[in-house]
Amino acid sequence: MMCDDRRCCVMCGPPAVSEHLFRKGAYAILRCRLCGLIFASPHPTHDELEQIYSESFFQVGEKFAGQAGSSGRLNAEHRVRRLLTTPGVTRGRWLGVGCATGDFMLAARPHVGHIAGVEMSMYAAEQTRAKGLQDVVVGDFLRASLGNEPVDVVTMWDVIEHVPDPLTFLRHAFQLLRNGGLIALSTGDIGSLVARVMGRFWHLMIPPRHLYFFSPVTIRNLLSQAGFEAVVVSKPGKRVPLDFALWKLASLVTPRAGSAALRLGALTHLGRLAPFVNLWDIMTIVARKRPLGMTPSPEDVSTHQYDSLVNRS
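Our subject in this report is the structure included herewith. (Residues numbered from 1 in each chain as written. Predicted model: local features only at pLDDT ≥ 70, side-chain atom pairs only at ≥ 80, totals over all residues. Heavy atoms only, no water.)

**Looking at unusual backbone geometry**
At the junction of Ser 41 and Pro 42, the peptide bond is cis and its omega measures out at 0° in the coordinates. With respect to the helices, strands and loops of the structure, Pro 42 is situated in the loop between strand E3 (38–41) and helix H1 (46–52). At the junction of Pro 207 and Pro 208, the peptide bond is cis and its omega measures out at 5° in the coordinates. When you line up the elements, Pro 208 lands in the loop between helix H6 (193–198) and strand E9 (212–213). In this structure, Ala 100 takes a positive phi of about 55° despite not being glycine. Positionally, Ala 100 belongs in the loop between strand E4 (93–97) and helix H3 (103–108). (Helix = DSSP H or I, 4+ residues; strand = E, 2+ residues; numbered from the N terminus.)

Encoded structure:
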């Protein structure tokens, strides 16, 4: 469901009333009174999104460097290892949505039959292809031509909080997956201690790049509405290059400070240092495609949603 109303909840629709929490720059941060989903308003236009995710987005220190042993590659390899140990995972056809510069695809390639990607940034896709990963489609995931063969695993690493309509994104992934296929994604946890203490200054509270702010409850509900079950949430942490961390902290003050931080990071080679960090505010979520026609269990949805489903059946 695409909500045209700037205060509309993507899960509950126009009848739901949202409350104003605070402002972050030019954006209102709202919370749906019915389901608790927190989101930014207004959403950027398509042209604004293309400008946000231009070449400069992928040139923030060493985050997208992509060399062997870099933080991006190490994080990707860790994600692949965790996915390969997931019960029921199939090593057939995997699809990376928002594959960025291809670190995860590169890490997964030796372990799966086929790995493909979708990326809206032409620059990032070209970086991926330069690594020998040619099966990358440039464009909007909802409109991309990906063939008719079912996919075994769809990944969305640090993607779902960026898109204007995450429910439609997840439903499209559902359609691409084989029965019993898996979706794996990561996103921030607005309910974490760090997020609650920092409020509008939380390092992931960065509209218009981040438009949605999920908790374990709201991401489970969203996945259930999209047709998924057996949702597992974990917080494994990851390696963070220090130049990227410095840029992010400085950018919370002002964009100009972020630019200065990048220059300082380049001069001091801070990106070579990438300690393991876990603030327990970033979730990794794995869910399974529910067979069509199967009613979700109470564990998969919130109480009011489950009662509504049962009453309609």
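**Digging into the environment of Ala 16**
Among the secondary structure elements, Ala 16 is positioned in the segment before strand E1 (18–24). The class for Ala 16 is buried, based on a relative accessible area of 12%. In sequence terms Ala 16 and Cys 32 are 16 residues apart; their C-alpha atoms lie 6.8 Å from each other. When neighbours within four sequence positions are excluded, Ala 16 is seen to be in contact with Cys 32 and Leu 34. (Buried < 20%, exposed > 50% of the residue type's maximum accessible area, 1.4 Å probe, protein only. Contact = heavy atoms within 4.5 Å.)

**Focus: helix H8 (residues 242–251)**
Buried residues of H8: Asp 243, Phe 244, Trp 247, Lys 248 and Ala 250, and no others. Each buried residue of H8 sits inside an arc of 165° when the element is viewed along its axis, so together they form one side. (Arc of directions from axis to C-beta.)

**A short note on the pattern of salt bridges**
Two side chains that carry opposite charge are able to pair once their charged atoms sit near each other. Evaluation of the coordinates by the stated rule reveals 9 salt bridges. Its salt-bridge partner being Glu 149, residue Arg 93 comes within 3.6 Å of it at the nearest N-O pair. Here Glu 149 lies in the loop between strand E6 (136–138) and strand E7 (151–157) and Arg 93 lies in strand E4, a separation of 56 residues in the sequence. A relative accessible area of 23% means that Arg 93 is categorised as partly exposed. With a closest N to O distance of 3.9 Å, Lys 238 and Asp 158 form a salt bridge. Highlighted residues: Lys 238 in strand E11 (residues 238–239) and Asp 158 in the loop between E7 and helix H5 (166–176), separated in sequence by 80 residues. Under the relative-accessibility criterion, Lys 238 is labelled partly exposed at 22%. (Salt bridge = Lys/Arg side-chain N within 4 Å of Asp/Glu carboxyl O.)

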